[in-house]
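Residue-level structural notes
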Amino acid sequence: MKIGVLNGPNLNLLGKREPEHYGGQTLAEIEALLEERARADGSELVFFQSNDEGDLVDWVQQEADRVDGWIVNAAALTHTSVALRDALAGSGRPFVEVHLSNVYAREPFRHTSLLADRALGVIAGFRASSYVFGLEALTAHLRAREAG
Ligand code: DQA
């Protein structure tokens, strides 16, 4: 089972960016944590981060036939990007939307997601663990589907 892990704008700055919202772990540390979990579970991960909406859309298009599903933290693009929504929906692969912070306890503009209604589910507020929970939820879903 192969999962694409997509991270949007400014998440390259994790570790030093607003730790009160996003915790102290860098993106590389979060990816290493996910790698460890995936290895133990026998699944494979591919990672991509970009600050550019077009690059994220291109990556989804490029990887769609190679992955079984996605973990998506689209960061600010969650709240604005029809293009990323369409790319993920068009990939035909299920995805879990994750956020480090509890977006529903923050500014009102963060309460809207253009991805959520196309997602398998949304996990927000558990810092780096949001990704781990997202991975567990997605792999459980894919396995259940495989088992028929
Ligand atoms: C975020 C929440 C977004 O509102 C914000 O723009 C981010 C990170 C999160 O992980 O909590 O960049 O997606």
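Look up: the structure comes first, before these words.
So, a few notes on the structure that sits alongside this text. (Residues numbered from 1 in each chain as written. Predicted model: local features only at pLDDT ≥ 70, side-chain atom pairs only at ≥ 80, totals over all residues. Heavy atoms only, no water.)

1. Here we look at the packing of aromatic side chains
Keep this limit in mind: In this analysis, rings of Phe, Tyr and Trp, with Trp reduced to its six-membered ring, are considered paired at centre separations within 6.5 Å, and the interplanar angle assigns stacked below 30 degrees, edge-to-face beyond 60, and tilted for intermediate values. Each helix is a run of DSSP H or I of at least 4 residues and each strand a run of E of at least 2, with the numbering of both proceeding from the N terminus. Buried, partly exposed and exposed residues are distinguished by accessible area as a fraction of the type maximum, computed with a 1.4 Å probe on protein chains only: under 20%, between the cut-offs, and over 50%, respectively.
Under the criterion given, the structure shown has 3 aromatic pairs. A ring pair is formed by F48 and W59, whose centres lie 5.2 Å apart and whose planes are at 15°; its orientation type is stacked. Highlighted residues: F48 in strand β2 (residues 44–49) and W59 in helix α3 (residues 53–63), separated in sequence by 11 residues. We classify F48 as partly exposed; its relative accessible area is 22%. Here a set of aromatic residues connected by ring pairs shows up, and it is made of F48, W59 and W70.

2. So, the nonpolar core
For clarity, the cut-off: Buried Ala, Val, Leu, Ile, Met, Phe, Trp, Tyr and Cys residues that are joined via side-chain atoms within 4.5 Å together make up what is termed a nonpolar core. Throughout, a residue-residue contact means that at least one pair of heavy atoms, one from each residue, lies within 4.5 Å.
If you look at the biggest cluster of nonpolar residues, it comprises 22 residues, and the most contacted ones within it are L34, I71 and Y131. Secondary structure elements with two or more residues in this core: β1 (2–7), α2 (27–41), β4 (95–99) and α5 (129–147). Considering every element that reaches this core, the biggest residue donor is α5, with 5 residues. When residues no more than four places from it in sequence are discounted, the contact partners of L34 are V5, L45, F47, Y131, V132 and L135. Formed by 18 residues, the second largest nonpolar core is a distinct cluster that contains L56, V57, W59 and V72.

3. Quick notes on the pattern of salt bridges
The line we're drawing: Any carboxyl oxygen of Asp or Glu within 4 Å of a side-chain nitrogen of Lys or Arg constitutes a salt bridge here.
For the coordinates displayed, the defined rule picks out 6 salt bridges. Of the charged contacts, one joins E63 and R66 as a salt bridge, the two residues approaching to 3.0 Å between their closest N and O atoms. Taking the shortest distance from any N to any O, the salt bridge between E107 and R106 comes out at 3.8 Å. The class for E107 is partly exposed, based on a relative accessible area of 32%. Beyond isolated ion pairs, a larger network of salt bridges with shared partners links R106, E107 and R110.

4. A short note on α3
What counts is decided by this rule: The directions considered for the arc run from the helix axis to the C-beta atoms. Within 3.5 Å is the distance limit for a polar contact, defined as a pair of N or O atoms, with the added protein rule that one can donate a hydrogen and the other accept it, and that residues adjacent in sequence qualify only through two side-chain atoms.
What α3 keeps buried is the set L56, V57, W59, V60 and E63. All buried residues of α3 fall inside an arc of 160° around its axis, so they share one side. Among the structural elements, β1, β2, β3 (69–73) and α4 (82–91) are those in contact with the buried residues of α3. Capping the start of α3, D52 holds a side-chain oxygen 2.8 Å from the backbone nitrogen of G54, two or three residues further along.

5. Description of the packing of α2 against α5
Geometrically, a packed helix pair is captured by the angle between its two axes and the distance between the axes. Rules: Every axis corresponds to a line fitted to the C-alpha atoms, with the helix fit spanning only the stretch in contact, and the corresponding angles, defined between N-to-C directions, vary from 0 to 180 degrees. Angle categories: roughly parallel below 35 degrees, roughly antiparallel above 145, roughly perpendicular from 65 to 115, and oblique for all the rest. Take the far helix as the reference: if the near one is turned anticlockwise from it by less than a right angle, the crossing is left-handed, and if turned clockwise, right-handed. Only Asp, Glu, Lys and Arg are considered charged in this grouping, and only Ala, Val, Leu, Ile, Met, Phe, Trp, Tyr, Cys and Pro are considered nonpolar; every other residue, Gly among them, is considered polar.
One way to put it is that α2 packs onto α5 with a least axis distance of 10 Å and a crossing angle of 30°. For the element pair α2 / α5, the angle class is roughly parallel. Note on packing geometry: the crossing formed by α2 with α5 is right-handed. For the pair α2 and α5, the contacting residues are I30, L33, L34, R37, A38 and D41 in the first and Y131, V132, L135, E136, T139 and R143 in the second. Looking at side-chain class alone, the contact of α2 with α5 contains 7 nonpolar, 1 polar and 4 charged residues.

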